[in-house]
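# Notes for the structure review
The primary structure of each chain is shown beneath.
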Protein chains: 2
Amino acid sequence: MLYSQLIGKTKKEAPKDEISKSAQLLIRGGFIQKEISGVYAFLPLGYKVLEKIIQVIREEMKAIGGQEILLGSLQNAETWKKTDRWDDNVVDVWFKTKFKNGQETGLAITHEEPLTQIMTQYIQSYKDLPIYAFQFQTKFRNEARPKGGLLRTREFIMKDLYTFDKTEKDLEVSYEKAKSAYIKIFDRLGIGDKTYVTFASGGFFSKYSHEFQTVSETGEDTIYINKEKKIGVNKEVYTDEVLRDIGLNRDSMQEVGAIEVGNIFKLGTKFSDALGLTYTNEAGNKKPVIMGSYGIGPARSMAAIVELLNDENGILWPENIAPFKLHLIGLNMEDAESEKKAVSLYEKLKKAGSEVLFDDRKDVTAGEKFADADLIGCPYRIVVSKKLGDKIEIKKRNEKESKVISEIELLSH
Amino acid sequence: MLYSQLIGKTKKEAPKDEISKSAQLLIRGGFIQKEISGVYAFLPLGYKVLEKIIQVIREEMKAIGGQEILLGSLQNAETWKKTDRWDDNVVDVWFKTKFKNGQETGLAITHEEPLTQIMTQYIQSYKDLPIYAFQFQTKFRNEARPKGGLLRTREFIMKDLYTFDKTEKDLEVSYEKAKSAYIKIFDRLGIGDKTYVTFASGGFFSKYSHEFQTVSETGEDTIYINKEKKIGVNKEVYTDEVLRDIGLNRDSMQEVGAIEVGNIFKLGTKFSDALGLTYTNEAGNKKPVIMGSYGIGPARSMAAIVELLNDENGILWPENIAPFKLHLIGLNMEDAESEKKAVSLYEKLKKAGSEVLFDDRKDVTAGEKFADADLIGCPYRIVVSKKLGDKIEIKKRNEKESKVISEIELLSH
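The following refers to the structure shown.

The rules behind the values
- Residues numbered from 1 in each chain as written.
- Chains lettered and ligands numbered in written order.
- Predicted model: local features only at pLDDT ≥ 70, side-chain atom pairs only at ≥ 80, totals over all residues.
- Least-squares fit on C-alpha atoms with pLDDT ≥ 70 in both.
- Contact = placed C-beta atoms within 7 Å.
- Core = buried A, V, L, I, M, F, W, Y, C linked by C-beta atoms within 7 Å.
- Buried ≥ 20, exposed ≤ 12 C-beta atoms within 10 Å, placed from the backbone.
- Pairing = 2+ DSSP bridges.
- Helix = DSSP H or I, 4+ residues; strand = E, 2+ residues; numbered from the N terminus.
- Axes fitted to C-alpha atoms, helices over the stretch in contact; angles between N-to-C directions.
- Parallel < 35°, antiparallel > 145°, perpendicular 65-115°, else oblique.
- Nonpolar A, V, L, I, M, F, W, Y, C, P; charged D, E, K, R; others polar.

## Digging into the relation of the copies chain B and chain A
Once chain B is rotated about the relating axis by 180° and shifted along it by 0.0 Å, it coincides with chain A to within an RMSD of 0.0 Å. In symmetry terms, the pair is related by a two-fold rotation axis. Within chain B, Thr 97 of chain B has its C-alpha nearest the rotation axis, a separation of 2.8 Å. Comparing interface residues between copies, 100% of those in chain B also lie at the interface in chain A; the contact surface is shared.

## As for the nonpolar core
In this structure, Leu 328 of chain A together with Leu 328 of chain B are the most contacted members of the largest nonpolar core, which totals 230 residues. When sequence neighbours within four positions are dropped, the list of residues in contact with Leu 328 of chain A reads Leu 345, Tyr 346, Leu 349, Val 356, Leu 357, Phe 358, Asp 359 and Ile 382 of chain A.

## Looking at the pairing of strand E13 (residues 254–268) of chain A
By the bridge criterion, 6 bridges tie strand E10 (residues 208–215) of chain A to E13 of chain A in an arrangement that is antiparallel. Bridge pairing in E13 of chain A places Thr 214 of chain A opposite Ile 259 of chain A.

## A closer look at the sheet that holds strand E19 (residues 326–330) of chain B
Residue and element names in this part refer to chain B. Strand order across the open sheet formed by 5 strands is E20-E19-E21-E22-E23, with mixed pairing between neighbours. Strands with a single pairing partner mark the edges of an open sheet, and in this sheet they are strand E20 (356–359) and strand E23 (402–406). Strand-to-strand twist across the sheet, computed as the mean angle between neighbouring axes with direction ignored, equals 25°. Relative to E20, E19 runs parallel, the two being bridged by 4 bridges. When the sheet's bridge partners are listed, Leu 328 is paired in E20 with Phe 358. Set on the sheet, helix H9 (residues 336–351) makes contact with E19, E20 and strand E21 (380–384); between it and E19 the angle comes to about 165°.

## Description of the packing of helix H1 (residues 21–28) of chain B against helix H8 (residues 298–308) of chain B
Residue and element names in this part refer to chain B. At a minimum axis distance of 8 Å, the contact between H1 and H8 shows a crossing angle of 100°. Judged on the interaxial angle alone, H8 and H1 are roughly perpendicular. Contacts between H1 and H8 pair Lys 21, Ser 22, Leu 25 and Leu 26 from the former with Ala 303, Val 306 and Glu 307 from the latter. Counted by class, the contact of H1 with H8 contains 4 nonpolar, 1 polar and 2 charged residues.

## Focus on the interface of chain B and chain A
Taken together, the 39 residues of chain B in the interface contact 39 residues of chain A. Going through the elements one at a time, strand E1 (32–36), strand E2 (39–42), helix H2 (44–63), strand E3 (67–68), strand E4 (74–76), strand E5 (96–98), helix H4 (112–119) and strand E7 (131–140) of chain B are the ones with two or more residues in the side of chain B that touches chain A. Counting residues per element, the side of chain B that touches chain A draws most heavily on E2 of chain B, at 4 residues. Partitioned by chemical class, the residues of the side of chain B that touches chain A number 21 nonpolar, 11 polar and 7 charged.

## Details of the environment of Gly 106 of chain B
Residues and elements named next belong to chain B. As for its placement among the helices and strands, Gly 106 is situated in strand E6 (residues 104–107). On the basis of neighbour count, Gly 106 is assigned to the buried category, with 22 C-beta atoms found within 10 Å. Sequence separation of Gly 106 and Asn 226 is 120 residues, and the distance between their C-alpha atoms is 41 Å. Beyond its immediate stretch of four places on either side in the chain, Gly 106 contacts Gln 75, Ala 77, Trp 94, Phe 95 and Lys 96.

Given below as structure tokens:
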């Protein structure tokens with residue numbers, strides 16, 4: 001991609017109302033732009049990262065047998081009344097509106113209800129279970145105070161996985177599969193070492209749920225972590241009884257701020273009971289299906305990654321979700337020969353299958369180009385210039401020292 | 001994929017209120033399910049087709065230099081007031097709702113306004129132009145009478161491309177690029193021969209816009225086509241003056257029903273004037289940016305494909321968008337040896353990189369399995385059975401005759 005043609009150039013300043021580091025860097029880098037409070041547009045750089053995060057999540061969901069679906073945003077009020085989640089006094093983040101015929105509808109805050117409803121058509125027998133469905137679909141939540149840029153928005157794509165099982169024991173298996181998949185996902189996203197499987201309140205069906213909490217000073221959650229055992233406990237359930245339950249003690253725990261990047265939850269029969277999702281078991285008896293639900297917000301994960309992986313000059317993207325692996329800087333582009341050399345290298349790199357962002361601008365100083373490369377944060381910076389002659393300078397974003405190598409060395413990388 | 005585990009099995013009957021052929025077949029085949037009037041869920045088979053259609057469109061958008069972005073669904077009313085498209089008396093398909101602070105918002109009916117607004121930050125100079133942005137993002141339209149299944153819904157993913165140019169002449173170039181890309185897209189989707197570039201009314205800026213109309217008895221539009229020249233004229237502009245303009249005459253035209261699968265439109269300065277999107281030209285003067293907009297509905301395209309490509313037994317998917325290329329049927333699956341053979345072939349085909357739907361069910365007759373395969377419509381049906389011994393039967397969905405071949409022949413395909 002030619003930087004000169006890219007939609008979304010870097011900015012010197014972020015808007016003053018954006019106080020989170022990730023929002024500042026993502027806006028200044030040209031990744032996202034605020035449309036209204038709590039609603040962000042993804043520009044090409046931001047969309048590339050988002051898509052890569054989504055692809056990592058998708059692969060791990062498929063690896064545990066997840067089948068990808070896509071449900072609607074407009075909700076059937078009648079279905080939600082059956083689970084008592086339609087009333088604004090029960091759920092206070094609905095965006096509601098009406099069809100032309102006067103019938104009420106709302107924008108999906110989550111998708112347990114419609115999916116359970118749909119599954120009543122496709123689950124009949126024990127032979128149909130277990131079954132896992134997931135999607136990447138927008139959730140809408142009428143937050144009074146959106147904040148932290150992509151960390152808390154009024155609309156966001158969520159990956160939601162739902163599991164359907166015969167028994168509690170089977171749910172346990174599904175739950176552990178999902179938990180393992182989540183651990184792999186955050187590892188692949190480059191924040192695995194800072195992300196803690198964290199005990200949180202469980203609701204009616206099970207004592208605990210688990211959150212995936214990424215330790216960050218700027219996080220709005222407070223959790224207590226045991227670094228050695230790599231376990232966290234959310235403040236809301238941080239009691240002596242719970243610690244005893246999990247086999248931890250207060251002395252080994254450390255209070256930290258954290259960003260909730262995912263959560264997994266045993267739903268039990270809450271939705272299957274309300275909506276009549278049953279199966280006939282081996283003995284011929286009707287039983288309610290046992291469900292679980294599992295969420296990750298790809299955009300919130302993106303923000304968490306930026307909160308963690310940055311320095312005073314900009315973002316440090318992990319290699320597998322960087323918008324481009326290589327940031328090629330052409331210096332002295334006013335000089336025909338220098339330009340030719342840079343363009344030729346760009347074409348060779350693209351032909352070799354590399355993802356390259358090529359700063360081909362002519363009216364910009366070397367200093368500005370270096371600053372922009374640091375801000376955008378691609379893992380490798382490559383410089384071609386008059387001074388370097390036939391050689392090329394390569395520097396990793398997270399290292400200080402650069403190396404001068406030949407074009408052949410670079411291309412054989 | 002094992003058919004026994006697939007979410008969304010075939011149904012004998014479609015709901016009675018679904019009158020369009022495509023909705024009936026897609027619901028009976030387990031591709032989609034209606035959630036509420038005008039809102040459909042995509043089950044795994046349907047989502048696979050949708051994703052493949054999206055990928056074809058994405059590739060052709062990138063081929064002409066389109067940059068992928070993603071804008072929000074929740075709209076800023078203030079922006080739409082500036083173009084006079086907020087008032088329900090002007091645009092009567094808005095879904096409107098409110099933020100917690102009482103501020104009005106609405107669900108994107110299209111995205112000209114927010115994108116033009118965003119581009120004011122990134123287009124300043126003639127050097128920034130031309131620039132093309134596209135996205136796949138949901139549009140919401142409060143249709144009084146949704147109909148035809150996926151053909152007219154209340155929410156649907158749309159691919160919308162927007163072009164930004166310096167001059168009308170440049171817009172002409174962008175417009176022709178988009179037109180060529182659209183022709184390629186519908187060719188790749190298998191409905192190119194039936195899809196006509198069709199003259200339609202153009203609005204303020206240009207005399208005509210163009211629709212991509214797929215000829216179908218069941219289409220709700222009426223157009224007049226010249227088969228030889230592969231040109232269409234929408235009924236709404238079918239006058240002697242227009243025919244003269246285009247160089248056609250009534251004798252060579254044929255009236256047909258058609259489904260509008262895409263449209264391309266010269267916007268001119270309508271949005272850039274209203275929202276202040278200008279650039280500084282080579283002479284240092286401020287000029288309004290000249291825009292174009294170009295839409296395709298992937299799900300409507302999916303429905304149009306099914307309307308065209310079906311027979312009395314089901315769907316006939318074109319190879320490059322079929323949910324699976326191969327539909328493997330294991331017969332006599334109760335017999336351990338037959339089952340072993342079928343499973344082994346399934347594993348080999350998967351290993352060879354084939355997309356295979358494997359009907360591994362034990363409690364289903366051969367007749368039912370064949371009927372389901374025809375209904376779902378994968379391009380190749382492969383049968384393994386006791387009777388066939390070491391051989392395999394292969395049949396194309398659109399041919400009557402099957403062939404008996406060896407496993408080696410199949411795998412070397």
